[in-house]
Amino acid sequence: MSRRARSAEPDPYSFGSRPYDLVKEFTIALVAVLVLTFALAAVFSSPDEKPLTIATWSTADPGDFTATALSELDATSPTAGYGPPYNTAAEGQKLGPLALANTAGVTHPIDTAQAFVLGPLTSAPHTPQVAAALSTYTAASSTAQAAWTSAYSDALAKANGDPTKVAPGDYGPVPILLAQLLSQAQAGSLDGALLSEGGFYQTDYTLPLLFLADGSNLAAQADADHLSGDQWGMMNETGNFPGQAWLWLYTFWYQISPYNTSVNADALVMGTMAIMVLLFVFVPYIPGLRSIPRLVPVYKLIWRQHYTKQKQDSDRR
């Protein structure tokens, strides 16, 4: 660079200046972003609903809890008749001729009477009366057990589900067992008993969730919070809030026939989504399907500026 060019450069110190507080600017920006974040979170965030536990369920509706526990004891609950992977009571879902559940087999065996009623009662501290009731029930024949639970089920239905209003009858030790289980549930110890895996970390919620699902309280809460899956594929979080919109296609199938009336709905939806994924993956190799982008030139609309310029350049030549 020449001496004249260098002498023509302006002196930076000849311009005016003003003080600039970088810390102040950073603090203002930080506070503004925090205020905006909290304001938007308060208006648009998902609600923070309290978890539904066995303790809250048994306290709010002891009748439903007792009826559910009775169905677990006599193996008439949905879990008891579910089939694989919990038991062999049913075939499980099929995809055409493929019995998917039976292929995997019983990988998480659950005896509902032992898992939900007798096991938690045995492992918890109890009175001599409860200990005697446990011994009587476990020593009885299956015929006697079925007679007791059937009689108590009928009596509980006549009492509108209220165990305190059940008429006296020959129910064996069943009322004592269910009353003790209700007491444990309301105290919160049943939640912990069903979570116990024998390790330090308790992360398997299978038993508590199945127990809750066998009752009517969980389904009622789901209906109240629009979580029953009957809103044309929209996934919801708790309350009237939109949730995982990217799952709309998966949940959409449950709203139409034959998926919404089939006992194999989960398997059918899984199969449908698998076929769709494979179609997308192999689009470049499927005759006819791979020609759709060329026959329907949406790409020309997207890249219209490029093609307009290309045509203009061609015309100039």
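Preceding block: the structure.
The notes below deal with the structure included here.

Scoring rules and cut-offs
- Residues numbered from 1 in each chain as written.
- Predicted model: local features only at pLDDT ≥ 70, side-chain atom pairs only at ≥ 80, totals over all residues.
- Heavy atoms only, no water.
- Phe/Tyr/Trp six-rings, centres within 6.5 Å; stacked < 30°, edge-to-face > 60°.
- Helix = DSSP H or I, 4+ residues; strand = E, 2+ residues; numbered from the N terminus.
- Buried < 20%, exposed > 50% of the residue type's maximum accessible area, 1.4 Å probe, protein only.
- Contact = heavy atoms within 4.5 Å.
- Axes fitted to C-alpha atoms, helices over the stretch in contact; angles between N-to-C directions.
- Parallel < 35°, antiparallel > 145°, perpendicular 65-115°, else oblique.
- Left-handed = near helix turned anticlockwise from the far one by under 90°.
- Nonpolar A, V, L, I, M, F, W, Y, C, P; charged D, E, K, R; others polar.
- Polar contact = N/O pair within 3.5 Å; in protein donor to acceptor, adjacent residues only side chain to side chain.

Counted by the stated rule, this structure contains twelve aromatic pairs. With a centroid separation of 5.5 Å and 45° between ring planes, the pair formed by Phe65 and Phe211 is classed as tilted. Of the two residues, Phe65 sits in helix H4 (residues 62–73) while Phe211 sits in helix H11 (residues 206–214), which places them 146 residues apart along the sequence. Across this residue pair, the class does not change: Phe65 and Phe211 are buried. Aromatic side chains Tyr152 and Tyr171 sit 5.3 Å apart centroid to centroid with 75° between the ring planes, which places their arrangement in the edge-to-face category. Taken together, the residues Tyr152 in helix H8 (residues 142–158) and Tyr171 in the loop between H8 and helix H9 (174–187) connect sequence positions 19 residues apart. Pair check on accessibility: Tyr152 and Tyr171 agree, each one buried. Ring pairing ties together the aromatic residues Trp57, Phe65, Phe116 and Phe211, which thus form one cluster.

A few words now on the side chain of Thr112. Inspection of the secondary structure puts Thr112 in helix H6 (residues 112–123). Not counting chain neighbours up to four residues away, the residues in contact with Thr112 comprise Glu72, Ala75, Ser77, Thr79, Ala80 and Val117.

Here Pro297 is to be found in the loop between helix H15 (292–295) and helix H16 (298–302). Judged by relative accessible area, Pro297 falls into the partly exposed class, the value being 40%. For the pair Pro297 and Glu72, spaced 225 residues apart in sequence, the C-alpha separation works out to 60 Å.

What follows deals with the packing of H4 against H9. One can describe the packing of H4 onto H9 by two numbers: an axis separation of 10 Å at closest approach and a directional angle of 125°. On the basis of their axis angle, the class for H4 and H9 is oblique. Every pair of crossing elements has a handedness; the one defined by H4 and H9 is right-handed. Where H4 abuts H9, its residues Pro62, Phe65, Thr66, Ala69, Leu70 and Leu73 lie against Val174, Leu178, Leu181, Leu182, Ala185 and Gln186. A class-by-class count of the residues in the contact of H4 with H9 yields ten nonpolar, two polar and no charged.

With respect to the helices and strands, Asp64 occurs in helix H4. Only 2.9 Å separates the side chain of Asp64 from the side chain of Ser216, close enough to count as a polar contact. Those residues within four positions of Asp64 in sequence are excluded, and the remaining contacts are Trp57, Gly215, Ser216 and Asn217.

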